[in-house]
Amino acid sequence: MDPSKKYTAIHYHSYLELDKILGAQVPRSGKFEENPAHDETLFIIMHQVYELWFKQIIHEIESVCDMFRDEKLNEENINLAVLRLKRVSEILELVIKQIFVMETLTPLDFLDFRHYLFPASGFQSLQFRVIESMMGLREEDRLTYNRHSYKIVFTEEQKEKLTKIENGGSLFELIEDWLERIPFLKFEDFNFLESYKSAVEKMLSDEEAAISATEYLSPKMKNMRLTMLGSTNTYFKQVLSEEAHAEMQKKGEVRLSYKATLAALLINLYREKPILTIPYNLLMEIMNIDELLTTWRYRHAQMVMRMIGNKVGTGGSSGHDYLAKTAEKHKIFKDLHNISSLLIPRSELPDLPIELEKQLSFYYSHNSR
Ligand code: HEM
């Protein structure tokens with residue numbers, strides 16, 4: 001630091017700009033009635049606290065996106081990304097719990113000031129939309145709002161900001177690129193896909209033999225189990241064929257590219273290999289955030305049902321019905337969650353060639369042998 005720029009002392013109050021923050025709770029009911037509705041302060045503070053946390057979440061996700069946007073991603077940064085995403089998960093856990101505080105507002109007390117809010121709505125939270133878009137929710141994935149774009153409630157400047165985020169590479173796209181760059185899918189004579197396919201075939205044919213040989217199932221039950229096993233086999237074949245994957249992508253059934261899906265599968269299967277542990281943690285954190293956002297949407301929808309029943313929202317949507325539908329529809333990393341359907345037991349995993357084992361381990365663990 002420049003020694004001539006000696007820092008000055010600062011007071012807690014001014015450092016935190018508390019005049020601004022604590023002066024920002026102005027109940028609207030107080031403008032129209034002699035006594036403002038008691039519970040409106042809680043309603044305002046709840047939303048403000050959320051918006052502050054949204055700001056922190058954006059700060060963290062943006063920094064993680066910047067790390068992955070850099071072509072020469074510094075490998076050391078991946079752990080930092082994991083730590084920052086973990087922070088986002090913790091914040092989301094916290095804001096989900098906060099809904100209990102919101103629910104101390106009773107529906108009847110809410111009616112003391114709800115009519116003054118029209119047409120304001122959480123629907124107009126720009127920061128919430130920024131989080132969703134930065135994570136990778138595309139305009140075409142969204143539930144339409146009275147057949148309008150979700151952006152209709154924003155100013156031109158805000159719309160541009162959202163479009164820029166949508167076009168600028170979301171966390172989904174950056175992670176997909178990074179997964180596609182992960183080596184090890186092919187290593188000298190080793191081909192991950194081929195050896196994995198053989199392992200799946202062996203596992204399924206062992207299961208078929210076990211079902212056919214057992215004395216504990218009736219012929220009818222055996223047939224049923226064998227048919228089910230046949231569908232599992234078809235599922236594996238479908239997912240592991242590049243052409244079938246491209247077809248599913250076209251129909252919107254999967255989003256993650258074929259290569260990225262295989263890399264995510266490799267990371268999941270061999271996550272104990274030291275080099276893959278941090279990438280595995282990264283995928284876990286992303287899935288946690290996606291899941292927590294879904295949980296928040298469900299929890300918020302439930303609260304809305306309790307608060308206003310089936311009334312339409314102040315923002316003009318169908319209210320609870322619309323919100324409950326967003327919970328499933330707005331999930332972003334479904335393909336990463338779906339990797340679980342492709343996992344096979346550790347005992348069935350193909351052994352890796354020794355040279356590849358070395359590459360996936362810490363330098364000293366192989367040299368010390
Ligand atoms: C009494 C409490 C609340 C009620 C009754 C309520 C009601 C609603 C309703 C009905 C909607 C759908 C849009 C509309 O038609 O208005 C909505 C959307 C939303 N609300 Fe709330 N809300 C409450 C509290 C909160 C809080 C504390 C937050 C925190 C920021 C919040 C954030 C949002 C967001 C982000 C949306 C948009 C969701 C989406 O479109 O995916 N709400 N709310």
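Bear in mind that the values here come from a model prediction, so they are computed numbers and not experimental data.

Before going further, it helps to examine the overall build of the protein. In terms of helices and strands, the protein carries 19 helices and 2 strands. Taking the principal axes of the C-alpha coordinates as reference, the protein spans close to 80 × 70 × 40 Å. Taking all 369 residues of the protein together, 43% fall into the buried category. Partitioning the contacts of the protein with sequence separation of at least 6, the portion at a separation of at least 24 is 74%. Surface summary for the protein: the accessible area is close to 21800 Å², and the carbon and sulfur share equals 55%. In the protein, 46 side chains carry a positive charge and 55 a negative one; their mean positions are 2 Å apart.

Now for a nonpolar patch on the surface. On the surface, Ile 10, Tyr 12, Tyr 15 and Leu 16 cluster together into a nonpolar patch covering about 510 Å² of accessible area. With respect to the helices, strands and loops of the structure, Ile 10 is situated in the segment before helix 1 (12-15). For Ile 10, a relative accessible area of 60% puts it in the exposed group.

Here we come to the coordination of the iron atom of the ligand. Counting protein donors to the iron atom of the ligand gives just one, His 300 (NE2), placed at 2.2 Å. Its place among the elements puts His 300 in helix 15 (residues 274-308).

Before going further, it helps to spend a moment on the packing of helix 8 (residues 126-135) against helix 15. The contact between helix 8 and helix 15 brings their axes to 12 Å, and the two run at 145 degrees. Crossing hand, helix 8 versus helix 15: left-handed. Along the contact surface, helix 8 presents Phe 128, Glu 132 and Met 135, while helix 15 presents Ile 289, Leu 293, Trp 296 and Arg 297. For the contact of helix 8 with helix 15, the class distribution of residues is 5 nonpolar, no polar and 2 charged.

Think of an α-helix as turning once every 3.6 residues; residues three or four places apart then point the same way. Between its first and last C-alpha atoms helix 12 (residues 219-239) spans 30 Å; for 21 residues at 1.5 Å apiece the expected length is 30 Å, and the two agree. Lys 222, Leu 229, Phe 236 and Val 239 are the residues of helix 12 that are buried. Across the axial projection of helix 12, the buried residues extend over an arc of 110 degrees, all falling on one side. When the buried face of helix 12 is taken as reference, the exposed residues oriented beyond 90 degrees from it are Pro 219, Lys 220, Asn 223, Thr 227 and Lys 237.

Turning our attention to helix 11 (residues 192-213). Its 22 residues place the ends of helix 11 31 Å apart at the C-alpha level, agreeing with the 32 Å of an ideal helix rising 1.5 Å per residue. Along helix 11, the residues classified as buried are Phe 192, Leu 193, Ser 195, Tyr 196, Ala 199, Val 200, Met 203, Leu 204 and Ile 211. Against the buried residues of helix 11 lie strand 2 (190-191), helix 12 and helix 14 (258-269). Capping the start of helix 11, Asn 191 holds a side-chain oxygen 3.0 Å from the backbone nitrogen of Leu 193, two or three residues further along.

The next point concerns empty space enclosed by the protein. As enumerated under the stated definition, the model contains 1 cavity of 30 Å³ or more in all. Empty space within the largest cavity amounts to approximately 40 Å³. For the largest cavity, the full set of lining residues is Ser 133, Gly 136, Leu 137, Arg 138, Ile 165, Glu 166, Ser 170, Glu 173 and Arg 255. Residues belonging to the lining of the largest cavity are distributed by class as follows: 2 nonpolar, 3 polar and 4 charged.

For the rest of this paragraph, the subject is the packing of aromatic side chains. Two aromatic rings are characterised by how far apart their centres lie and by the angle between their planes. Taken as a whole and assessed by the stated rule, the structure comprises 14 aromatic pairs. Relative to Trp 178, the ring of Phe 68 lies with its centre 5.7 Å away and its plane at 85 degrees, an arrangement referred to as edge-to-face. Of this pair, Phe 68 sits in helix 4 (residues 40-69) while Trp 178 sits in helix 10 (residues 171-181), placing them 110 residues apart in sequence. Judged by its relative accessible area of 5%, Trp 178 is buried. Look at Phe 172 and Phe 333: their rings are 5.2 Å apart centre to centre, the planes differ by 35 degrees, and that puts the pair in the tilted class. Residue Phe 172 is found in helix 10, and its partner Phe 333 is found in the loop between helix 16 (320-329) and helix 17 (334-338); the two are separated by 161 residues along the sequence. Taken individually, Phe 172 and Phe 333 each receive the classification buried, so the pair is uniform in this respect.

With that settled, consider the site of the ligand. Taken together, 25 residues form the shell around the ligand, and within it Ser 121, Arg 129, His 300, Ser 317 and Tyr 322 come nearest. Between Ser 121 and the ligand, the recorded distance is 2.7 Å, taken from a side-chain N or O atom to an oxygen atom. Taking Arg 129, its side chain carries an N or O atom lying 2.7 Å from an oxygen atom of the ligand. Contributions of two or more residues to the shell around the ligand are made by helix 4, helix 8, helix 15 and helix 16. At 6 residues, the largest contribution of residues to the shell around the ligand is made by helix 15. Residue composition of the shell around the ligand, by class: 14 nonpolar, 10 polar and 1 charged.

Once the domains are mapped, the protein shows domain 1 (36-190 + 241-367) and domain 2 (191-239). The interface of domain 1 with domain 2 comprises 22 residues on the first partner and 14 residues on the second. Taken over both partners, the interface formed by domain 1 and domain 2 buries close to 1600 Å², and the fraction arising from carbon and sulfur atoms is 68%. Summed over the shared surface of domain 1 and domain 2, the result is 1 salt bridge. The salt bridge involving Lys 202 is made with Glu 348; its shortest N-O contact spans 4.0 Å. The tally of links from domain 1 across to domain 2 stands at 4 residue pairs in polar contact (both at pLDDT 80 or more). Counting only elements with at least two residues in the side of domain 1 that touches domain 2, the list comes to helix 13 (242-250) and helix 14. Ranked by the residues each element gives to the side of domain 1 that touches domain 2, the list is headed by helix 14, at 5 residues. Broken down by class, the residue content of the side of domain 1 that touches domain 2 amounts to 15 nonpolar, 4 polar and 3 charged.

The rules behind these values
Residues numbered from 1 in each chain as written. Predicted model: local features only at pLDDT ≥ 70, side-chain atom pairs only at ≥ 80, totals over all residues. Heavy atoms only, no water. Helix = DSSP H or I, 4+ residues; strand = E, 2+ residues; numbered from the N terminus. Buried < 20%, exposed > 50% of the residue type's maximum accessible area, 1.4 Å probe, protein only. Contact = heavy atoms within 4.5 Å. Areas by Shrake-Rupley, 256 points an atom, 1.4 Å probe, with all protein chains shown as cover. Lys, Arg positive; Asp, Glu negative; His and termini not counted. Charge placed at Lys NZ, Arg CZ, Asp CG, Glu CD. Patch = residues over 30% accessible without salt bridge, like charges linked within 9 Å, V, L, I, M, F, W, Y side chains within 5 Å. Salt bridge = Lys/Arg side-chain N within 4 Å of Asp/Glu carboxyl O. Donors = N, O, S within 2.8 Å, 3.2 Å for Na, K, Ca; no water. Axes fitted to C-alpha atoms, helices over the stretch in contact; angles between N-to-C directions. Left-handed = near helix turned anticlockwise from the far one by under 90°. Nonpolar A, V, L, I, M, F, W, Y, C, P; charged D, E, K, R; others polar. Expected span 1.5 Å × (residues − 1). Arc of directions from axis to C-beta. Polar contact = N/O pair within 3.5 Å; in protein donor to acceptor, adjacent residues only side chain to side chain. 1 Å grid on protein atoms, 1.4 Å probe; cavity = no way out; pocket = protein on both sides within 12 Å on 5 of 7 lines; lining within 4 Å. Points joined across faces, edges and corners; volume = space filled by probe spheres on them. Phe/Tyr/Trp six-rings, centres within 6.5 Å; stacked < 30°, edge-to-face > 60°. Near = heavy atom within 4 Å. Domains from an automatic or database assignment. Buried area = accessible area lost by both parts, 1.4 Å probe.

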